[in-house]
Amino acid sequence: MGRNDKVLIINGSPRKSKNCHSVVKELVENSIDANSKNITIEIEEGGVAAIRVIDDGSGVHNLDIEKAFMPHATSKIKNVDDIYSINTLGFRGEALPSIASVSKLTFRSKPAECDFGKELVLEAGEKVSLNDIGMNNGSFIEVKDLFFNVPARRKFLKSTSREGSLINDIILRIALCNPNISFKLFNNGKKVLHTYGDGNLINSIRTIYGKNISEHVLPFKYEDDDLKIHGFIGKEIIARGSRNNESIFVNNRYIKNKTIVAAVENAFKSFSTISKFPFFVLFIDLPPEDIDVNIHPTKAEIKFKDEMINVKQYKFVVLAFLMISLMSFVLKEDIFNSFAETKKSEPTETIEEIKLDLDNNYINDKIDEPLIQNKVEPSINDIYNNI
């Protein structure tokens, strides 16, 4: 690699490795694209000291391990037309070379068809060693001393606790949209996340957000020929004062989109009695050719074809009405349940049964005649004076 090429890569690396959590995101997405079923992430000091990602995916062939770190080298695009229908999370071939150019990197990989793996060690993008190594199928990558050779960039990193929090958040989002993959996240040796990869989204929600959240979410679904919308929305009881619990995934890619967020929030606010933001996990599945994921450096935003044409807008409105009807039914159910509980708690009026004693003989009882005899009848004058 020539000197000018090295400078070009370092200058261009902010697109993929501007901070620690963006590095973690790129490495984990590579593991997902390799069809991994188990992914372990380890970070030290917020990822500044070390980032490790271990997976059991398809791996990189021994003959291609050095090519993987060449600029714009990728195995995810075979021809020019593939760029218009991206089915993988990564495709540019920028992540590995840009990360390697600003760190001390060790990469080990072994595909199932090879008897042994390869270990490649790079420092600031320059090869230090390449050796054969015995290992299980899959890949291991370690990034140490991020931005050690670019102190001006390292100075602008966030605090280790903040970087660790951002890494935790992005792994949570990735785990949500991949319930069939088991994720483990270790921060300074402490396990902070472990999903089980059983393919059940509600179990992933329970593991990530807790039992209270998972027990107060409701599923929704809409589907037609070229669009599928599904996921979970939370009841009012788990609404929060921030948007931290709002997740949108388009073709299993975590994105941020104000139009979609507004559609869901407006649907929620139409029946909500509190000014808070809803919990929701929203999945939108579209044909790859209907979206452009190449408009943002980290692919955090996407562009819908034809700027969200009317048909797509209508379908998102359908989503909003679907959630309104669903939640309205739930609210009615809760009201009926509350009335039922109130009715049960009301005191019931008891009627005492009085039995008549018909066995006593009242007919032969004598009437006290002196009382009648001494009774004084009122005179006419008394009656007139009382009127």
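Sequence order as written defines the numbering, with residues in each chain counted from 1. Selection of residues for local features in this predicted model requires a pLDDT of at least 70, selection of side-chain atom pairs for listing and counting requires 80 or more, and totals for whole chains, interfaces and linings are taken over all residues. The side-chain quantities take in all heavy atoms of the structure and omit both hydrogens and water.

A. The arrangement of the sheet that holds strand β6 (residues 138-144) in detail. Should DSSP find at least two bridges between two strands, the strands are regarded as paired. Here a strand is any run of E in DSSP of at least two residues, a helix any run of H or I of at least four, and the numbering for each starts at the N terminus. Spatially, the eight strands line up as an open sheet ordered β5-β4-β3-β6-β2-β1-β7-β8, and their pairing is mixed. Two strands lie at the open edges of the sheet, namely β5 (126-133) and β8 (190-194), each paired on one side alone. Direction aside, the axes of adjacent strands within the sheet are offset by 10° on average. Relative to strand β7 (residues 182-187), strand β1 (residues 38-44) runs parallel, the two being bridged by six bridges. Paired with Thr-40 across the bridge in β7 is Lys-184. The contact rule is simple, with two residues in contact once any of their heavy atoms fall within 4.5 Å. Fitted lines through C-alpha atoms serve as axes, helices being fitted only where they are in contact, and the angles separating the N-to-C directions of these axes extend from 0 to 180 degrees. Of the strands in this sheet, β1, β2 (50-55), β6 and β7 touch helix α3 (residues 20-33), which is tilted by about 10° from β2.

B. How the structure looks around the packing of aromatic side chains. Classification of ring pairs uses Phe, Tyr and Trp, with its six-membered ring standing for Trp, and accepts pairs whose centres are within 6.5 Å; under 30 degrees between planes counts as stacked, over 60 as edge-to-face, and the remaining range as tilted. Using the criterion set out here, one finds four aromatic pairs in the structure. Between Phe-249 and Tyr-254, the ring centres sit 5.7 Å apart and the planes meet at 50°, which makes this aromatic pair tilted. Neither residue differs from the other here; Phe-249 and Tyr-254 are each classed as buried. Judged by centre distance (5.0 Å) and plane angle (20°), the rings of Phe-249 and Phe-283 are stacked. Separated by 34 residues along the polypeptide, Phe-249 in strand β11 (residues 246-250) and Phe-283 in strand β13 (residues 280-285) bring together distant segments of the chain. The exposure classification of Phe-249 matches that of Phe-283, with both residues buried. The rings of Phe-249, Tyr-254 and Phe-283 are connected pair by pair, giving a single aromatic cluster. For a ring to carry a charge above it, either NZ of a lysine or CZ of an arginine must fall within 6 Å of the ring centroid while also lying within 35 degrees of the normal to the ring plane. Across the ring face of Phe-148, the terminal group of Lys-104 is positioned such that the distance to the ring centre comes to 5.1 Å. The classification of residues rests on relative accessible area computed with a 1.4 Å probe and restricted to protein chains. Under 20% of the type maximum is buried, over 50% is exposed, and intermediate values are partly exposed.

C. The arrangement of the packing of α3 against helix α6 (residues 160-176) in detail. Relative orientation of the contacting elements α3 and α6 amounts to 25°, with a least axis distance of 9 Å. Considering the angle they form, α3 stands roughly parallel to α6. Here the hand of the crossing between α3 and α6 comes out right-handed. Residue-level contacts link Cys-20, His-21, Val-24, Lys-25, Val-28 and Ile-32 of α3 to Glu-163, Leu-166, Ile-167, Ile-170, Ile-171 and Ile-174 of α6. Residue composition of the contact of α3 with α6, by class: nine nonpolar, one polar and two charged. Here is the rule for angles: anything less than 35 degrees is roughly parallel, anything more than 145 is roughly antiparallel, 65 through 115 is roughly perpendicular, and the remaining ranges are oblique. Each crossing is labelled by how the near helix is turned from the far one, with a counterclockwise turn of less than a right angle marking it left-handed and a clockwise turn marking it right-handed. Each residue gets one of three labels, nonpolar for Ala, Val, Leu, Ile, Met, Phe, Trp, Tyr, Cys and Pro, charged for Asp, Glu, Lys and Arg, and polar for the others, Gly among them.

D. Region of interest: the environment of Ala-34. Residue placement: Ala-34 occurs in the loop between α3 and β1. Through-space distance from the C-alpha of Ala-34 to that of Asp-55 is 8.8 Å; in sequence the pair is 21 residues apart.

E. View of helix α7 (residues 201-209). Looking only at α7, the buried set comprises Leu-201, Ser-204, Ile-205 and Ile-208. The buried residues of α7 occupy an angular sector of 100° when projected down its axis, which confines them to one face. Buried residues in α7 make contact with α6, β8, α8 (211-214), β10 (228-234) and β13. Where α7 terminates, the next one or two residues include Gly-210, which has phi positive at roughly 105°. Directions drawn from the helix axis to the C-beta atoms are what define this arc.

F. Molecular detail of the sheet that holds strand β12 (residues 253-255). If you trace the five strands from one edge of the open sheet to the other, you get β9-β10-β13-β11-β12, paired in mixed fashion. The outermost strands of the open sheet, each flanked by one partner alone, are β9 (217-223) and β12. Sheet twist, expressed as the mean angle between neighbouring strand axes with direction ignored, is 20°. In the sheet, β11 pairs with β12 via three bridges, with the strands oriented antiparallel. Bridge pairing links Val-250 to Arg-253 in β12.

G. Summary view of the nonpolar core. By size, the foremost hydrophobic cluster in this structure holds 54 residues, and its most contacted members are Leu-27, Val-28, Ile-41, Phe-69, Leu-105, Ile-171 and Phe-183. If we skip the residues at most four places from it in the chain, Phe-183 touches Val-28, Ile-32, Ile-39, Ile-41, Ile-174, Ala-175, Asn-178, Leu-193, His-194 and Thr-195. Tyr-222, Val-250, Ile-255 and Ile-302 belong to the second-largest nonpolar core, a separate cluster that totals 20 residues. We call a set of buried residues a nonpolar core when its members are Ala, Val, Leu, Ile, Met, Phe, Trp, Tyr or Cys and they connect through side-chain atoms within 4.5 Å of each other.

H. Representation of the environment of Leu-96 within the structure. For Leu-96, the location among the structural elements is in helix α4 (residues 95-100). Sequence-wise, Leu-96 and Asn-30 are 66 residues apart; in three dimensions their C-alpha atoms are separated by 9.6 Å. Leu-96 has contacts with Leu-27, Asn-30, Ala-68, Phe-69 and Ile-141, leaving out every residue within four places of it along the chain.

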